[in-house]
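Below, each chain spelled out in residue letters.
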Amino acid sequence: MNVLLIGAGTVGEAIARLSTGRPWLTRLTVADYSARRAAHVAAQAGERATHVALDASDPAAVRALIAATKPDLVLNAVDPRFVPIIFDAALDAGVHYLDMATSLSVPDPKQPYRVPGVMLGDYQERKRHEWEAKGKLALVGMGMDPGLSNIFAAYAKKWTLDEVDALHVRDGGDLRIKGYPFATVFSIWTVIEECLNPPLVYRNGQIEVREPFSEPEDFVFPEGIGPVMCVNVEHEEIVQLPRTIPAGLVTFKYALGADFIETLRLLHRLGLDGKTPVDVKGTKVAPRDMIAALSPEPASLGKHMTGRAVVGVLASGRKEGRQRETFHYQVADAGETMGRYKLQPVAWQTGVMPLMAMQLIAEGVWSGAGVKSPEMLDPDPFLDLCEDYDVTVKQIG
C-alpha cells in the first residue's frame, strides 16, 4: 500500500515510527507544514519513506500532492480544522481515506447547552453517497478513542451481549506529567476544542446536550488504578455508535483532573480558547494558537510521564436472557512505551490503531465503500492483529 501521511506531529511521528518493517506498506510520503519536521519523521520510517512540505489549509496544494504521489490511501494526522479539505481532496482523487478525528462540531448559536448543533463528523457523513459512488472507503475516527473504543463496542454487540442496553466509553488512568503544572498528551488545540464544546449523551434514540465537565463520576479503572473522577466531554462515539448498535444509552467521559478542568475554564473565561484571530499590535493572532505556542510539545513529554493510560468500554445488556456487564479495555504504560518505542503512551495508542486498520484495508480484509466508522466493520480481524502490534486488550466480565 502506498500511503500519504499528512501531519508529522505527535501522532504522525508515532505512525511513521511504528510503520517500520511492515510488509504491506510499500511507500510512505510524510507531508507537514514544516519541511524540517516532515524530514525528521520520515527518517524514522525507513528507506520507503519520503517527505514534502505541505500547507494543509490550501486545498489546491493538497490535491496537487495527492496527484503527484498517487497514494492508495490518504492518512490524515493533522488537527480536525483541516479535515474537510483533506477529506474532499481524497474523495476527488478517488483514493481511500482514514483519520483519527472527524470534522468539527458547531454548537447551536442560541441554545448551545440545550439543543444539538452541527455534530462531530456531520460534514463527512453527508458525503457518504459520494464515497459509495467512487467505490472508495473513508474510515473516520480510527484512532484510540474513537477507534479501538468503537471496536470494543462492536465486539460486545457481536459476542458478549445479545441485547445492548448501554455503552459507556471511559478514558483515564493514573498518567502523570512531572514538572508541568499544565500540559496535554495530544494537541492542545484539540483538547480545548473537545473539552469546552458542549458534550453529548445519547439516550433513548435522542442526542442530548450537557454542560462541559458535567455529571462527574468516580469510575473504577482496572489494573489496580482504582476510582478516578471522569466528566462528560464531547466525543465522536456518541454520534457514531448508535448508528449501528441499538443501545438505549451511550456516554463518553474523560478523566481530566480538577486542576486541569479549572485551567480550561479560566482560558474560556478570558477568551483565550478563541479561534478567531485578534489584533495584537498590528499582528493577527488566534488566542488558541498563542496558547498552543506556549504549551510544551506533546511528543516531547514522554520522558516526564509516569503511570498508565486506559481506554475502555463498559457494555451492559442481556446475554441469553440474563443480565451481563463487560468492560473491554487497553492499557498503555508510559515506561513500557517509552522504553520500547520512545513514544509517550497516548501517542503510541493513537498511532498504532490506524496502522492496524490500514493493514486490513491493504489486505482486503476490511473493504467496502462509503463513509464508515470502525464499529461498522468486523471487529474480529482487528482484534486478531493486536498481538502482532504489541497491543494487549483485556476483558472483565
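Bear in mind that the values here come from a model prediction, so they are computed numbers and not experimental data. Per chain, the residues get numbers from 1 upward, laid out in the order the sequence is written. Under the rules for a predicted model, residues below a pLDDT of 70 receive no local features and side-chain atom pairs below 80 are neither given nor counted, while totals for whole chains, interfaces and linings still include all residues. Think of the side-chain values as coming from all heavy atoms in the structure, minus any hydrogens and water.

Undergrad: It is not clear to me how helix 1 (residues 10-18) should be interpreted in this structure. Could you clarify?
TA: The buried fraction of helix 1 amounts to 8 of the 9 residues, a majority that puts the element mostly inside the structure. Among the structural elements, strand 1 (2-6), strand 2 (27-32), helix 2 (35-43), strand 4 (73-76), helix 12 (334-341) and helix 13 (345-362) are those in contact with the buried residues of helix 1. Accessible area is worked out with a 1.4 Å probe on protein chains only. A residue is then buried under 20% of its type maximum, exposed over 50%, and partly exposed in between. Numbering goes from the N terminus for both helices and strands, where a helix is a DSSP run of H or I of at least four residues and a strand is a run of E of at least two. Contact between two residues is taken to exist if any of their heavy atoms lie within 4.5 Å; hydrogens are not considered.

Undergrad: Any chance you could explain the side chain of Asp32 here in plain terms?
TA: Looking at the element boundaries, Asp32 is found in strand 2. Of the side chains with opposite charge, Arg37 comes closest to the buried, unpaired Asp32, at an N-O distance of 6.0 Å. Apart from the residues within four sequence positions on either side, Asp32 is in contact with Gly7, Ala8, Gly9, Arg37, Ala38, Val52, Ala53 and Leu54. The convention is simple: Lys and Arg are positive, Asp and Glu are negative, and His and the chain ends are not counted. Think of a salt bridge as a Lys or Arg side-chain nitrogen and an Asp or Glu carboxyl oxygen that are within 4 Å of each other.

Undergrad: Help me understand the environment of Ser34, please; the structure alone is not making it clear to me.
TA: Relative to the assigned elements, Ser34 resides in the loop between strand 2 and helix 2. The spacing of Ser34 and Val220 is 186 residues in sequence and 42 Å in space, taken between C-alpha atoms.

Undergrad: I'm lost on the sheet that holds strand 4 in this one. Help?
TA: Picture the strands of a sheet paired through backbone hydrogen bonds; they go either parallel or antiparallel. Two strands make a pair as long as DSSP finds a minimum of two bridges between them. Taking strand neighbours across the sheet as the criterion, the 7 strands line up as 3-2-1-4-5-6-19 in an open arrangement whose pairing is parallel. A single partner strand is all that each edge strand has here, and the edge strands are strand 3 (49-53) and strand 19 (370-372). In this sheet, adjacent strand axes meet at a mean angle of 15° when their direction is disregarded. Pairing analysis gives 4 bridges linking strand 1 to strand 4, with the strands arranged parallel. Where helices are involved, their axes are fitted lines through C-alpha atoms of the stretch in contact, as for all axes, and angles between N-to-C directions lie from 0 to 180°.

Undergrad: Would you mind going over the pairing of strand 3 with me for this structure?
TA: The side chains of a regular strand alternate, first on one face of the sheet and then on the other. With 5 bridges connecting them, strand 2 and strand 3 associate as parallel partners. By the bridge assignment for strand 3, Ala31 is matched with Val52. A clockwise course of the path from the first strand over the helix to the second, judged with the strands pointing away from the viewer, identifies a crossover as right-handed. Handedness of the crossover joining strand 2 and strand 3 through helix 2 is recorded here as right-handed.

Undergrad: Would you mind showing me how to read the environment of Val393 here?
TA: Position of Val393 relative to the elements: it lies in strand 20 (residues 393-396). Through-space distance from the C-alpha of Val393 to that of Ala286 is 40 Å; in sequence the pair is 107 residues apart. With residues up to four places along the chain from it excluded, the contact list for Val393 reads Leu148, Phe152, Tyr329, Gln330, Leu383 and Cys386.

Undergrad: Any chance you could explain the pattern of salt bridges here in plain terms?
TA: A side chain of one charge can pair with a side chain of the opposite charge if their charged atoms are brought near each other. The tally for this structure, following the rule as stated, stands at 23 salt bridges. The partner of Asp162 in a salt bridge is Lys319, and the shortest N-O contact between them spans 3.4 Å. Of this pair, Asp162 sits in the loop between helix 7 (148-160) and strand 7 (163-173) while Lys319 sits in strand 17 (residues 308-319), and the two are 157 residues apart along the sequence. The partly exposed category is assigned to Lys319, whose relative accessible area is 23%. In this structure, Arg308 engages Asp174 in a salt bridge whose closest nitrogen and oxygen atoms are separated by 2.7 Å. Placement of the pair is Arg308 in strand 17 and Asp174 in the loop between strand 7 and strand 8 (176-177), with a sequence separation of 134 residues. What emerges from the salt-bridge pattern is a single network uniting Arg203, Glu208, Arg210 and Glu215.

Undergrad: How should the packing of helix 3 (residues 59-69) against helix 4 (residues 83-93) be read in this particular structure?
TA: Angle between the axes and distance between the axes are the two parameters that describe a pair of packed helices. It is the contact of helix 3 with helix 4, at a shortest axis distance of 9 Å, that shows an interaxial angle of 40°. Overall, the two elements helix 3 and helix 4 adopt an arrangement that is oblique. Our pair here, helix 3 against helix 4, has a crossing hand that is right-handed. Every residue of helix 4 that contacts helix 3 at Pro59, Val62, Arg63 and Ile66 is listed here: Ile85, Ile86, Ala89, Ala90, Asp92 and Ala93. Partitioned by chemical class, the residues of the contact of helix 3 with helix 4 number 8 nonpolar, no polar and 2 charged. Angular relationships are summarised with four words: roughly parallel below 35 degrees, roughly antiparallel beyond 145, roughly perpendicular across 65 to 115, and oblique for the angles in between. Rotating anticlockwise by less than a right angle from the far helix to the near helix defines a left-handed crossing, while the corresponding clockwise rotation defines a right-handed one. Under the scheme applied here, ten amino acids are nonpolar (Ala, Val, Leu, Ile, Met, Phe, Trp, Tyr, Cys and Pro), four are charged (Asp, Glu, Lys and Arg), and all others, including Gly, are polar.

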